[in-house]
Amino acid sequence: MQLDLKTVEALAPDQASLGAAAKLTKRSNWPRLEAHEQLPLIWGECQGSGSNPYRVAFDTSDHGYKCTCPSRKFPCKHILALAWIGATAPDSFTRVDQTPDWVNDWLGRRRKPGQPPTQAPARAEGKSIDEASRPEEAPPVEDAAAAERREAAQRRRAEDTRSAVSAALDELDQWIADQLRLGLAGFVDASSERCRRIAARLVDLKATALAGRIDELPAKLMALRGEERPDAAIRELGKLVLLAKAWRAAPDDAELKRLVSASETRDQILANPDAVQVESDWEVLGEKIETRRDGLVSHATWLLDLKSTTPRFAVLLDFFPASAGRRSGAFAAGDRFRARLVFYPSRNPLRALVAERLGDVAPGAWPTFVPDAAGDPLAAYAAFQDGAPWLSDCPIILPAGAIALDEKDGAWWQAANDPHGIALPVAGSVHQTLLGIDLAATAALWNGARLELLASQSSIGRLDLS
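Please read these numbers as outputs of a predicted model, since none were measured by experiment. (Residues numbered from 1 in each chain as written. Predicted model: local features only at pLDDT ≥ 70, side-chain atom pairs only at ≥ 80, totals over all residues. Heavy atoms only, no water.)

### Comments concerning the packing of helix α2 (residues 15-23) against helix α3 (residues 77-88)
Then, number 1: Two elements in contact, α2 and α3, have axes separated by 8 Å at closest approach and are oriented at 60°. Judged on the interaxial angle alone, α3 and α2 are oblique. Judged by the sense of rotation from one axis to the other, the crossing of α2 with α3 is right-handed. Residues S17, L18, A20, A21 and A22 of α2 lie in contact with α3, whose contacting residues are K77, L80, A81 and W84.
Then, number 2: Classifying every residue of the contact of α2 with α3 gives seven nonpolar, one polar and one charged. (Axes fitted to C-alpha atoms, helices over the stretch in contact; angles between N-to-C directions. Helix = DSSP H or I, 4+ residues; strand = E, 2+ residues; numbered from the N terminus. Parallel < 35°, antiparallel > 145°, perpendicular 65-115°, else oblique. Left-handed = near helix turned anticlockwise from the far one by under 90°. Contact = heavy atoms within 4.5 Å. Nonpolar A, V, L, I, M, F, W, Y, C, P; charged D, E, K, R; others polar.)

### Focus on the pairing of strand β3 (residues 54-59)
Then, number 1: Judged by how many residues are buried, β3 sits mostly within the fold: six of six residues are covered.
Then, number 2: In this sheet, β3 lies alongside strand β2 (residues 41-46) in antiparallel orientation, the contact comprising six bridges. Bridged to L41 within β3 is D59.
Then, number 3: Where β3 and strand β4 (residues 65-67) come together, three bridges link them in antiparallel fashion. Counted as the bridge partner of F58 is Y65 from β4.
Then, number 4: Linking β3 back to β4 in an antiparallel pair, the connection comprises five residues, with H63 at a positive phi of about 65°. (Buried < 20%, exposed > 50% of the residue type's maximum accessible area, 1.4 Å probe, protein only. Pairing = 2+ DSSP bridges.)

### Thoughts on the state of the cysteines
In protein chemistry, a disulfide is the covalent bond that joins the sulfur atoms of two cysteines.
Then, number 1: In the structure shown here, the tally under the stated rule is zero disulfides.
Then, number 2: Free of any disulfide, C67 has its nearest cysteine sulfur in C76, 3.6 Å distant.
Then, number 3: Residue classification places C67 among the buried positions, given a relative accessible area of 16%.
Then, number 4: Classification of C76 as buried rests on a relative accessible area of 4%. (Disulfide = S-S within 2.5 Å.)

### A few points about the environment of F313
Then, number 1: Secondary-structure assignment places F313 in strand β8 (residues 313-321).
Then, number 2: The exposure class assigned to F313 is buried, which follows from its relative accessible area of 6%.
Then, number 3: Sequence separation between F313 and A441 is 128 residues, and the spatial gap between their C-alpha atoms is 15 Å.
Then, number 4: Dropping the residues within four chain positions of it, F313 is found in contact with L285, L303, L304, F343, P349, L350, P395, I396 and I397.

### A short note on the packing of aromatic side chains
Then, number 1: In total, this model carries four aromatic pairs according to the counting rule given.
Then, number 2: Where F331 meets F337, the ring centres are 4.7 Å apart and the plane angle is 10°; that geometry is what we call stacked.
Then, number 3: In this structure F331 comes out as buried when scored by relative accessible area, which is 4%.
Then, number 4: The aromatic ring of Y344 is capped on one face by R351, whose charged end is 4.3 Å from the ring centroid. (Phe/Tyr/Trp six-rings, centres within 6.5 Å; stacked < 30°, edge-to-face > 60°. Lys NZ or Arg CZ within 6 Å of the ring centre and 35° of its normal.)

### Topic: the packing of helix α9 (residues 208-215) against helix α11 (residues 229-249)
Then, number 1: Closest axis-to-axis distance for the α9/α11 pair is 12 Å, and the angle between their directions is 170°. The pairing of α9 with α11 is recorded here as roughly antiparallel in orientation. Where α9 approaches α11, its residues L210, R213 and I214 are matched on the opposing element by E236, K239, L240 and L243.
Then, number 2: Each residue belonging to the contact of α9 with α11 can be placed in one class, and the counts come to four nonpolar, no polar and three charged.

Here it is, written out as structure tokens:
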């Protein structure tokens, strides 16, 4: 590698970027660091505030770079950190002879005949790699009395939050009773205004996560046919009632606090001894990206465990401001990799973090999972609801089947060779080329009323359906 800290310093747009990059040079921030054996390329995945790591690539010869983060500074702190590691700890990179597809895509777009090498900008005044490397001053030692006061203040804040959330759930109960008294038809028609008002009130009372869920209800109802909306509304209101009851019974439950008020940080999850850890081979089934009414984009990446005998899933959930524009995901549908995931503690562990990336996995077919004893493709959903009836989307693996249209052009998945003739409605539209194809297995999200297709194995190979 032809890198030194002077180059990193010259590339940095300002001192703040250098300081932020210095904090990212710890090896624990990088589940993946690789360098090409022949080409002047280094790349890696840097864990940010979300669950999906950012993909970062750097050309050590002409100092070209690529990062999937939404930063408006160029180069961003992730680029600088990657180059910094390359300059000071080149042994941190695993030497490989192939570049991943996302690096190839970047190289294909930037390399043109006759293109001059990228030059580092002229050094700006006020930037110093030495200053950025300087360890932060140790905080002053706190005396026992101050520590006691701080802990007492934390207890008071926790109690205030619990009281506020309890009041929020009381108002929610009253609001739901009002909607039922006024009639579901009127609620569906005026759901946008009514949900926005109660959501704002829940935010005031620190039930932030619950407010976001209610704020998204009108959009979910409008995505359904008119005749289906009252049933969907009563189901969701019922789930909210159950969630409120469960929180009152166990306000310190980690999963319930996460669903009602606020989630834990990445560091808290990684340090939690109760968090389930699974090291396995994973395939990216697909993505679910939604722009929420609060200005955030929800980016869910669904994974399938390729070594489990029964279907096991994980979801990497990330949130970022919609104003930041479309963010490139760390993974693409069909990607396979070996990694250690840490799951958020819950009754049905699904949400996870990538704690350590251990390399890529060759493509291939899905394993043959052990079927349910009763042959019921929705048995997993029933167990899912038994554990946490306030949740909706449950990932499932459907057996052999096909997709067809009804007389109203609604799409249905129908099981093959099933004496019961089970058929499940599919959310949204389906591409015409998928109709009638024999699907050996299909991964989907089932919410009790609609399937959201993720991917299928078929006679013509893997199909991306998300």
